[in-house]
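The primary structure of each chain is shown beneath.
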Amino acid sequence: MLIIYLITIVAGLVKNVDQDWIPFDTSLFTNYQSLQFQNEKTIDLFWKLTNNNKEIEFGVASRNGAGWVAIGTSDAGGMKGANIFVGRQNAKNEFILQEMFAETYTYPSTKDVQQSKLLSSYQTDEYTAYTFRTVVCEGLNVEKPIWMIFAYGTSNAFRKHLDAHRGQQMVDFTGEYFKDMVLPSTENIKTLDLISPSVEIQPEKTSYCYSFFDLSKILNGKKHHIVKEDIIIGSDFLHHSVGYICTKPPPEFKHGGVFCNYYREKGEPDITNFKLTCADRIYLAWAKGGQSRVYPTNMGKPLGTEDLKYMVIESHYNNPSKVGGTVDPGSGFRMSITDQLRPIDVGMWTLGVSPSDIALPPQQKTTLISECGTKCTSRVGAIPEDGINLLASQLHMHKRGVAGGTRHIRGDTELESFPNMEYFDFDFQMYLYGTKHQPKLLPGDRFITNCTWDNTENDDYVYGGLSSEEEMCFHFIEYYPAIEYFPSCLLVKQKDDIKFKHNLTHCAVQRHESLNTSLVELIPSDTPPFTPLVVDLTCPILSSDVSDNVIVNPFMIGVAAAVVVLIGLWFIRRSYYQKYVPIPDNTEQ
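Residues numbered from 1 in each chain as written. Predicted model: local features only at pLDDT ≥ 70, side-chain atom pairs only at ≥ 80, totals over all residues. Heavy atoms only, no water.

> Would you explain the overall build of the protein chain in this entry?
Helices and strands together make up the secondary structure of the protein chain, namely four helices and 38 strands. Going through the 589 residues of the protein chain one by one, you find that 52% of them count as buried. Taking the intrachain contacts of the protein chain between residues at least 6 apart in sequence as the baseline, contacts between residues at least 24 apart amount to 76%. About 27,000 Å² of surface is accessible on the protein chain, with carbon and sulfur atoms providing 52% of the total. (Helix = DSSP H or I, 4+ residues; strand = E, 2+ residues; numbered from the N terminus. Buried < 20%, exposed > 50% of the residue type's maximum accessible area, 1.4 Å probe, protein only. Contact = heavy atoms within 4.5 Å. Areas by Shrake-Rupley, 256 points an atom, 1.4 Å probe, with all protein chains shown as cover.)

Right, here's the structure in full:
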């Protein structure tokens with residue numbers, strides 16, 4: 001996993017002046033990362049792997065006043081499915097460590113079994129800091145980069161944080177994935193903006209706008225590599241942006257122009273031709289919650305060649321309250337590009353289910369399965385004989401999505417490849433990474449994509465479509481080396497109303513290298529049985545006895561000792577007077 005979100009990363013442990021205030025011994029740890037908040041405040045995170053990578057020790061230091069400090073891990077970078085560690089003082093001024101779990105955006109519950117040991121704790125008016133050891137399990141997979149969430153409170157009463165006091169950041173616990181994720185100063189890097197002109201957002205729940213760019217006019221027909229991708233968000237209503245590669249320019253478009261299709265209102269252009277020439281090749285993808293990314297120094301996503309010179313940027317606006325009078329001054333992609341080509345081209349591949357073939361029954365959860373089978377992946381022009389490598393992946397669904405991912409099958413055995421999501425989060429749709437030892441994707445392999453939705457609170461069917469109130473199921477796969485043309489492998493269903501008859505695979509591959517036309521075939525899905533991958537979810541026992549995760553404040557220990565001494569002196573004095581000082585007899589004679 002070689003793409004990195006643009007965050008502050010320090011490979012190995014770096015001691016600097018700003019860490020001199022930290023009360024615990026930072027030299028005991030091997031790695032460090034600064035966790036950044038939007039308000040420019042930070043939490044200093046230290047760690048080291050121990051006991052053959054079965055356990056991990058953390059050091060957490062927050063210079064944000066006296067109050068609770070929490071770190072955790074989650075699939076998507078939000079609260080859903082998050083495993084959380086909270087350090088704070090309780091009402092007795094004892095510092096405690098609590099392991100908690102958040103099923104969704106509610107107050108997290110304390111775990112029945114506490115698999116951690118508080119090692120030290122410190123709190124002053126200026127900072128809160130603590131160290132602890134825990135087991136590697138329950139979302140803490142140190143073999144791949146994972147999303148860390150973090151927050152702090154202004155008091156020790158654990159309650160909901162302020163929006164500015166929370167954040168998420170990807171952390172590589174091995175220190176190997178992201179060490180070369182920089183933009184070399186020696187490369188001729190320039191900025192390419194593919195940003196739509198200003199548009200008025202209609203007072204509709206869902207609206208789409210499209211901007212066309214002729215890259216041959218910008219790049220002069222010369223191949224370039226994208227080395228960094230960023231998103232420009234011009235409106236809070238922006239739900240997602242997608243960049244489509246077109247085989248030829250759609251007739252409705254002019255370079256740099258924009259049109260918005262509000263369900264084909266009178267006077268708006270029809271997007272039929274756009275769909276015919278562009279819509280099957282997604283090349284750039286951003287959804288709500290996504291962040292900037294940098295490619296490794298030996299890779300780049302190509303642009304500007306004969307088959308990569310026309311692009312349409314799609315902007316989806318989600319305006320559920322139908323607010324009128326708002327303008328997006330410009331949204332789209334901002335990329336760092338170079339004409340000093342890198343050795344490896346990166347490609348984009350789309351798996352999933354065609355939106356027109358999604359129908360979710362009311363009052364239940366539904367899972368749809370899409371298989372990209374051997375008949376597609378073994379075709380000429382699909383996956384080459386020596387295979388391709390997974391780089392990163394992004395799962396895309398809408399508000400009812402709860403879980404999903406893709407399974408990798410070779411022969412009759414499932415392999416561990418794609419990072420899947422047990423807890424999908426509509427507000428945090430980011431790229432995820434697999435492990436470094438994951439297998440290649442080979443011709444003849446099968447890829448089974450599944451999406452699960454929760455429609456239990458709805459009395460009506462929900463169908464697939466463009467609106468956020470409708471649903472989608474896409475798994476965007478970035479891989480290397482790039483294949484000339486292998487954009488998608490989607491489930492398409494022949495249907496009569498909502499009763500599906502046959503499952504077919506929409507297999508889009510290049511017909512032949514000498515031809516500039518694509519071959520899109522509908523192939524019957526093959527779903528022979530396979531041996532599922534067995535994942536041991538049993539958490540190991542901490543190597544030493546787990547404490548009650550309570551450390552009494554040293555100051556309070558001193559106060560308690562002083563009180564004990566004073567009480568003891570009082571008893572001694574009382575005993576002395578009772579024994580040696582006569583008590584006057586006030587009885588009247």
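Still more ground to cover, so stick around.
> Can you walk me through the state of the cysteines in this structure?
Taken as a whole and judged by the stated rule, the model has three disulfides. With a sulfur-sulfur separation of 1.9 Å, Cys209 is cross-linked through a disulfide to Cys260. Between Cys209 and Cys260, the S-S dihedral sits near 100 degrees, and the bridge is therefore right-handed. One end of the pair, Cys209, is in strand E15 (residues 206-214); the other, Cys260, is in strand E18 (residues 258-261), and 51 residues separate them in sequence. Among the residues examined, Cys209 registers a relative accessible area of 3% and is labelled buried. Disulfide partner of Cys372: Cys489, at an S-S distance of 2.2 Å. (Disulfide = S-S within 2.5 Å.)

> Would you mind going over the environment of Glu55 with me for this structure?
In this fold, Glu55 is placed in strand E4 (residues 55-62). Here the alpha-carbon distance between Glu55 and Cys137, two residues 82 residues apart in the chain, equals 8.8 Å. One polar contact links Glu55 to Arg133, side chain to side chain, over a distance of 3.2 Å. (Polar contact = N/O pair within 3.5 Å; in protein donor to acceptor, adjacent residues only side chain to side chain.)

> Would you mind showing me how to read the confidence of the model for the protein chain here?
Parts of the prediction with low pLDDT should not have their coordinates interpreted in detail. Model confidence for the protein chain is summarised by a mean pLDDT of 80, while 76% of its residues fall at 70 or above. Predicted confidence for residues 494-502 stays below pLDDT 50, and this span has 16 contacts to residues more than four positions away or in other chains. A low-confidence stretch, residues 580-589 stays under pLDDT 50, and its non-local contacts, those more than four residues away or across chains, total one contact. (pLDDT = per-residue confidence, 0-100.)

> Before we go on, may I ask you to explain the sheet that holds strand E31 (residues 413-415) in this structure?
Think of a sheet as strands paired side by side through backbone hydrogen bonds, with each pair either parallel or antiparallel. An order of E28-E32-E30-E31 is seen for the four strands of this open sheet, with the pairing classed as antiparallel. The sheet terminates laterally at strand E28 (365-372) and E31, the two strands that pair on one side only. Here the average twist between neighbouring strands, direction ignored, is 30 degrees. Taken together, the eight bridges between E28 and strand E32 (residues 446-454) define a ladder with antiparallel strand orientation. Its bridge partner being in E32, Thr367 is matched across the sheet by Thr452. (Pairing = 2+ DSSP bridges. Axes fitted to C-alpha atoms, helices over the stretch in contact; angles between N-to-C directions.)

> For this particular structure, what's the right way to read the side chain of Gln33?
Tracing the backbone shows Gln33 in strand E2 (residues 31-36). Within the structure, the side chain of Gln33 is placed 3.0 Å from the backbone oxygen of Met170, a separation counted as a polar contact.

> Sorry, what's going on with unusual backbone geometry here?
Keep in mind that most residues, glycine aside, have a negative phi and that most peptide bonds are trans. The peptide bond linking Tyr480 to Pro481 adopts the cis configuration, its omega dihedral lying at -10 degrees. In the Ramachandran plot, Asn51 falls in the positive-phi region, its phi being about 50 degrees despite a non-glycine side chain. Topologically, Asn51 is positioned in the loop between strand E3 (42-50) and E4. One non-glycine residue, Asn53, lies in the positive phi region at around 65 degrees. On the secondary structure map, Asn53 appears in the loop between E3 and E4.

> Explain empty space enclosed by the protein here, please?
Once rolled over the atoms, a probe with the size of a water molecule shows which space is left empty. Enumeration over the complete set of coordinates arrives at six cavities of 30 Å³ or more. The space that makes up the largest cavity amounts to roughly 120 Å³. In this structure, the largest cavity is lined by 15 residues; those nearest its centre are Ala285, Trp286, Gln291, Arg293 and Tyr431. Secondary-structure elements contributing two or more residues to the lining of the largest cavity are strand E16 (224-232) and strand E19 (282-287). When the residues that make up the lining of the largest cavity are grouped by side-chain class, the tally is eight nonpolar, four polar and three charged. (1 Å grid on protein atoms, 1.4 Å probe; cavity = no way out; pocket = protein on both sides within 12 Å on 5 of 7 lines; lining within 4 Å. Points joined across faces, edges and corners; volume = space filled by probe spheres on them. Nonpolar A, V, L, I, M, F, W, Y, C, P; charged D, E, K, R; others polar.)

> How should the sheet that holds strand E10 (residues 128-135) be read in this particular structure?
In spatial order, the strands read E2-E3-E4-E10-E9; together these five strands make up an open sheet with antiparallel pairing. One side of each edge strand has no neighbouring strand; the edge strands of this open sheet are E2 and strand E9 (116-123). On average, each strand axis in the sheet is tilted by 15 degrees relative to the strand beside it, whichever way the strands run. Pairing of E9 with E10, which is carried by seven bridges, proceeds in the antiparallel orientation. By the bridge assignment, Ser120 is partnered in E10 with Thr131.

> I keep staring at the pattern of salt bridges and nothing clicks. Help me out?
When charged atoms on two side chains of opposite charge get close, those side chains can pair. This structure, assessed with the given rule, holds 15 salt bridges. With its nearest N and O atoms 2.9 Å apart, the salt bridge here joins Lys223 to Asp345. Residue Lys223 is found in the loop between helix H1 (215-219) and E16, and its partner Asp345 is found in strand E25 (residues 344-345); the two are separated by 122 residues along the sequence. Here Lys223 falls in the partly exposed class, since its relative accessible area comes to 26%. Asp345 gets classed as partly exposed once you look at its relative accessible area, which sits at 23%. (Salt bridge = Lys/Arg side-chain N within 4 Å of Asp/Glu carboxyl O.)

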